[in-house]
Amino acid sequence: MKTALITGITGQDGSYLSEFLLGKGYDVHGTIRRSSVDYRERIAHLEGHPHFHLHYADLGDSMSLLQVVGKVRPDEIYNLAAQSHVQVSFDAPEFTADVDATGVLRILEAVRQCGLAATCRIYQASTSELYGKVEQVPQNESTPFHPYSPYAVAKLYGYWIVKEYREAYGMFCCSGILFNHESERRGETFVTRKITLAAARIAQGKQDKLYLGNLSSRRDWGYAKDYVECMWLILQNERPEDFVIATGEQHTVREFCRLAFRYAGIELRFEGEGVHEKGIDCATGRVLVEVSEDFYRPTDVVNLWGDPTKAQRELGWNPTKTSFEQLVRLMVDADMAKVAVERAGEEVRTNLAEYLEKGIVK
Ligand code: NAP
Ligand code: F7E
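Bear in mind the structure is a predicted one, so any value in this text is a computation, not a measurement. (Residues numbered from 1 in each chain as written. Chains lettered and ligands numbered in written order. Predicted model: local features only at pLDDT ≥ 70, side-chain atom pairs only at ≥ 80, totals over all residues. Heavy atoms only, no water.)

Participant: Just checking my understanding: could you explain the packing of aromatic side chains for this structure?
Facilitator: One pair of aromatic rings is described through two measures. These are the centre distance and the angle between the planes. Going through the model one piece at a time under the given rule, you end up with 12 aromatic pairs. A centroid spacing of 5.0 Å and a plane angle of 80 degrees characterise the contact between Phe145 and Tyr159, whose relative ring orientation is edge-to-face. On the criterion of sequence distance, the pair formed by Phe145 in the loop between strand E5 (121-127) and helix H5 (150-169) and Tyr159 in helix H5 is long-range, its members being 14 residues apart. Look at Tyr159 and you get buried, because its relative accessible area is 8%. Consider the rings of Tyr165 and Tyr169, whose centres lie 4.9 Å apart with planes at 70 degrees: the pair is edge-to-face. Taken together, the residues span about one helical turn, with Tyr165 and Tyr169 both in helix H5 at a distance of four residues. Judged by its relative accessible area of 7%, Tyr165 falls in the buried class. These aromatic residues form a ring-pair network of at least three members: Tyr131, Phe145, Tyr159, Trp160 and Phe179. Here the basic side chain of Lys310 rests over the ring of Phe243, its NZ or CZ set 4.4 Å away from the ring centre. (Phe/Tyr/Trp six-rings, centres within 6.5 Å; stacked < 30°, edge-to-face > 60°. Helix = DSSP H or I, 4+ residues; strand = E, 2+ residues; numbered from the N terminus. Buried < 20%, exposed > 50% of the residue type's maximum accessible area, 1.4 Å probe, protein only. Lys NZ or Arg CZ within 6 Å of the ring centre and 35° of its normal.)

What follows is the structure, encoded as structure tokens:
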């Protein structure tokens, strides 16, 4: 039985990767951080599984990493932990650098110092944000990098230190340059999930309007569940190499928004430009989407479009397993169900309060 250690196991990708590796018969270990609120929602269903284990560690704390790597002695490490929000990286640049850049070095050194350099394979969660202010479309493994946020600059260090350890010490460590991947488990402040949740709430009368930033920004959006398979394939490859993982298709935030609202039963038309652009309900004429400068970034990456040819050819990975339309549909369906359950709960609570007040129940 192989042993895997996943940092960032509570995140979107960590939860899908855990399910995937358990399905492959791995003993799965993950690192978690202490928090005053419960944040284990995405992995709650795995707790209690005989091959699923959690350990406290933080990417900012070398000692905790040395301890967990030394104890687990993994065959494979998936370093997914990061401050992963680009906009937040402008507000917390030093923390982002510590976790997303130096954190990668701490993992590599922990592996070396535990005497596992020759046996442990390491996957680093790299990102299309490295291309940033893009110099070429679509982007592949030889496209020059031009990071355009504190997040991207930190991740660029992670990318290069992985390459350095591979060449200096012969370690099997690789970066997956993953383009945006989304799911029903995506954090609620990333644009896709923000849209699908708002579309569900607006359709069910729980929200009036959605405020967004740059509607013309373009992304290559894939399904997270498909992408974690690729992380594993990269570590099963004969040679340690870096790969671009993307669908090869590009859409604007506006297109995502129009489709999400359509699946929630609302047909939108967009009028106006820049901050004055609005998304209007074709049936009622109500303005449901507005642009707010609060969601503009000091520098924004606007043209990401990946070329997954190498992953297709060398790993046999299928980038179009889940289409853009299927992705939007599954996210909207999940949020429509989530909002419906919340509404039912609220109704039960309101009725109960009324019955208690009237003395119908005691
Ligand atoms: P996510 O949902 O934001 O999850 C991030 C994970 O990192 C969480 O488990 C979080 O733990 C953990 N973490 C944050 N700071 C930490 C620290 N100081 N020490 C230990 N753990 C820490 O991110 P994701 O979407 O799953 O992405 C996974 C990785 O892929 C990230 O490195 C991200 O930068 C990268 N990436 C993501 C995409 C994408 O489109 N999703 C694309 C390219 C690359 P808590 O739950 O305790 O906060
Ligand atoms: O923004 C625009 C925004 O925050 C996408 C992370 O997983 O993928 C993710 O980073 C685009 C940007 O993702 C809003 O300006 C418009 O151009 O969903 P996002 P991201 O910045 O691409 C990469 C690959 C990672 O590595 C990261 O970890 O959408 N946008 N209006 C908005 N974005 C947000 N969040 N909110 C808005 O209201």
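Past the structure itself, the notes keep going.
Participant: Just checking my understanding: could you explain the sheet that holds strand E13 (residues 268-271) for this structure?
Facilitator: Strand pairing in a sheet is mediated by backbone hydrogen bonds. Such pairs are either parallel or antiparallel. The sheet built from four strands is open, its strands ordered E8-E15-E14-E13 with mixed pairing. In this open sheet, the two strands that pair with only one neighbour each are strand E8 (210-212) and E13. Averaged over all neighbouring strand pairs, the angle between strand axes comes to 20 degrees, with direction disregarded. Judged from the four bridges that link them, E13 and strand E14 (residues 278-281) form a sheet pairing that is antiparallel. Residue Leu268 lies in a different strand from E14, and its bridge partner there is Asp281. Helix-sheet contacts for helix H6 (residues 191-203) involve E8 and strand E15 (287-291), and the interaxial angle to E8 is about 160 degrees. Sheet strands in contact with helix H8 (residues 253-263) are E8, E13 and E15, and its direction is about 150 degrees off that of E13. (Pairing = 2+ DSSP bridges. Axes fitted to C-alpha atoms, helices over the stretch in contact; angles between N-to-C directions. Contact = heavy atoms within 4.5 Å.)

Participant: How should the site of ligand 2 be read in this particular structure?
Facilitator: The immediate surroundings of ligand 2 are formed by 23 residues, with Ser84, Thr127, Lys194, Ser217 and Arg297 found nearest. Tyr151 is positioned such that a nitrogen or oxygen atom in its side chain is 2.7 Å from an oxygen atom of ligand 2. Here an oxygen atom of ligand 2 sits 2.9 Å away from a polar atom, N or O, in the side chain of Arg186. Within the shell around ligand 2, the residues separate by chemical class into eight nonpolar, nine polar and six charged. (Near = heavy atom within 4 Å. Polar contact = N/O pair within 3.5 Å; in protein donor to acceptor, adjacent residues only side chain to side chain. Nonpolar A, V, L, I, M, F, W, Y, C, P; charged D, E, K, R; others polar.)

Participant: Honestly, the side chain of Arg219 in this entry has me stumped. Any pointers?
Facilitator: Residue placement: Arg219 occurs in strand E9 (residues 218-219). At 3.3 Å, the side chain of Arg219 forms a polar contact with the side chain of Ser217. Polar contacts involving the side chain of Arg219 include one to the main-chain carbonyl oxygen of Val301, which spans 2.8 Å.

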